[in-house]
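Report on the structure
The lines below spell out each chain.
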Amino acid sequence: MRARGVAKEFPARAGDTEGYVAVRDFDLDVRDGEFLVVVGPSGCGKSTVLNLLGGLDRPTGGELLLDGRPIDGPGLDRGIVFQQYALFPWRTALENVEFGLQSKGVARKDRRRIARDYLGLVGLTRFAGNYPHTLSGGMKQRVAIARALAYDPDVLLMDEPFAALDAQTRESLQAQLVRIWQETRKTVIFITHSIEEAVYLGERVAVMTAGPGRIKQIVDIDLGGAERVNEGDIRSSYEFTRLRHELWTLLKAEVDKTAVEPEPVGVGR
Ligand SMILES: Nc1ncnc2c1ncn2[C@@H]1O[C@H](COP(=O)(O)OP(=O)(O)OP(=O)(O)O)[C@@H](O)[C@H]1O
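Values in this document were obtained by computation on a predicted structure and should not be read as measured data.

A large share of strand E8 (residues 187-191) lies buried, amounting to five of its five residues. Because side chains alternate across E8, one face comprises the buried residues Thr187, Ile189 and Ile191, and the other comprises Val188 and Phe190, equally buried. As paired elements, strand E3 (residues 35-39) and E8 share four bridges and run parallel to each other. Residue Leu36 lies in a different strand from E8, and its bridge partner there is Ile189. Where strand E7 (residues 155-159) meets E8, five bridges bridge the pair, whose relative direction is parallel. Bridging across to E8, Leu157 finds its partner in Ile189. Handedness of the crossover is the feature at issue here: the chain leaves E7, passes through helix H5 (residues 167-184), returns alongside E8, and the resulting connection is right-handed.

Here it is as structure tokens:
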């Protein structure tokens, strides 16, 4: 995946004379099979970039390429997982996972088998027949991940997929995601607000500037690749803490730029 000088300007809203530039001069290269995490201050354009990569929206400038070809719409070469589970409530877990396979034209009996395999990969074999409302938030998100993986995209785009989950479920899903990434070797582009999550998951972490967002710096995370999952409490290690601090410092400088002074309340009334 390659972005060169990508810009996204949204049209002017009612009452505004000018459009809003959410992303500008965005350059990024993502290697095949790498796990890249993107962090940045709120509103800097992270979701905008992910939507452009997913082909859900078009850039207003620059070039966005996947395997050398311009991204000009959604495609089965990219799987997207959002913060909200976005499952079909009228389909069981298994049928939700089958969905992408159906769009891809996979025969019915093969769909079942492949969907079962992917539900197994996220540890949900026993819940194949459950409808989404009977699953916990963590389980729903695992179904969403299985669904995105089942049609075998080259790239998995994840927009804060664990943000709505409690701390324990989140840590457990982070470990599972590293394991799945290790097994499938998909390219993963993962957006988060959590520096700790970024250090734990990423091989590289790209820090974005305050809006209009572009890449400020990319930090290499050298925590032993996928083995990190088996290394016990890696979050307490010296290297983890050092990297977390490095990212915090980079991010803090950008967050400070967007800080809004509180307005006095009711003064003079
Ligand atoms: N459709 C739209 N029309 C106008 N402005 C938009 C639109 N979508 C996003 N924006 C603006 O673009 C900027 C970037 O939004 P985006 O959602 O990409 O940020 P983000 O970094 O993902 O934020 P957060 O971390 O808070 O989720 C914001 O200021 C937002 O208000």
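Following the structure, the description resumes.
Our focus in this paragraph is H5. Along its 18 residues, H5 runs 25 Å from first to last C-alpha, staying within 8% of the 26 Å computed at 1.5 Å per residue. Buried residues along H5 sit against E3, helix H3 (108-121), helix H4 (137-150), E7, E8 and helix H6 (195-201). Capping of H5 at its N-terminal end is provided by Asp166; its side-chain oxygen lies 3.2 Å from the backbone amide nitrogen of Gln168. A positive phi of about 55° marks Arg185, the residue just after H5.

The next subject is the site of the ligand. The environment of the ligand is made up of 14 residues, and the closest members are Ser42, Gly43, Lys46, Thr48 and His193. One of the side-chain N or O atoms of Arg13 is found 3.5 Å from a nitrogen atom in the ligand. In isolation the ligand has 640 Å² of accessible area, and contact with the protein removes 66% of it. It is helix H1 (residues 46-54) that provides the largest number of residues to the shell around the ligand, a total of three residues. Its residues placed into classes, the shell around the ligand shows five nonpolar, six polar and three charged.

With that settled, the discussion passes to the sheet that holds strand E4 (residues 61-66). The four strands lie next to each other as E2-E1-E4-E5, forming an open sheet whose pairing is antiparallel. In this open sheet, the two strands that pair with only one neighbour each are strand E2 (20-29) and strand E5 (69-70). Pairing analysis gives six bridges linking strand E1 (residues 2-10) to E2, with the strands arranged antiparallel. When the bridges of E2 are listed, Phe10 appears paired with Tyr20.

All right, on to unusual backbone geometry then. With an omega of -5°, the peptide bond running from Gly211 to Pro212 counts as cis. Inspection of the secondary structure assignment puts Pro212 in the loop between strand E9 (204-208) and strand E10 (215-220). In this structure, Asp25 takes a positive phi of about 55° despite not being glycine. Following the sequence through the fold, Asp25 ends up in strand E2. Positioned with a positive phi, Glu160 is a non-glycine residue whose angle comes to about 45°. Looking at where Glu160 falls in the secondary structure, it is placed in the loop between E7 and H5. Residue Glu160 is classed as buried on the basis of its relative accessible area, which comes to 14%.

Parameters at a glance
- Residues numbered from 1 in each chain as written.
- Predicted model: local features only at pLDDT ≥ 70, side-chain atom pairs only at ≥ 80, totals over all residues.
- Heavy atoms only, no water.
- Buried < 20%, exposed > 50% of the residue type's maximum accessible area, 1.4 Å probe, protein only.
- Helix = DSSP H or I, 4+ residues; strand = E, 2+ residues; numbered from the N terminus.
- Pairing = 2+ DSSP bridges.
- Right-handed = clockwise from strand over helix to strand, strands pointing away.
- Expected span 1.5 Å × (residues − 1).
- Contact = heavy atoms within 4.5 Å.
- Polar contact = N/O pair within 3.5 Å; in protein donor to acceptor, adjacent residues only side chain to side chain.
- Near = heavy atom within 4 Å.
- Areas by Shrake-Rupley, 256 points an atom, 1.4 Å probe, with all protein chains shown as cover.
- Nonpolar A, V, L, I, M, F, W, Y, C, P; charged D, E, K, R; others polar.

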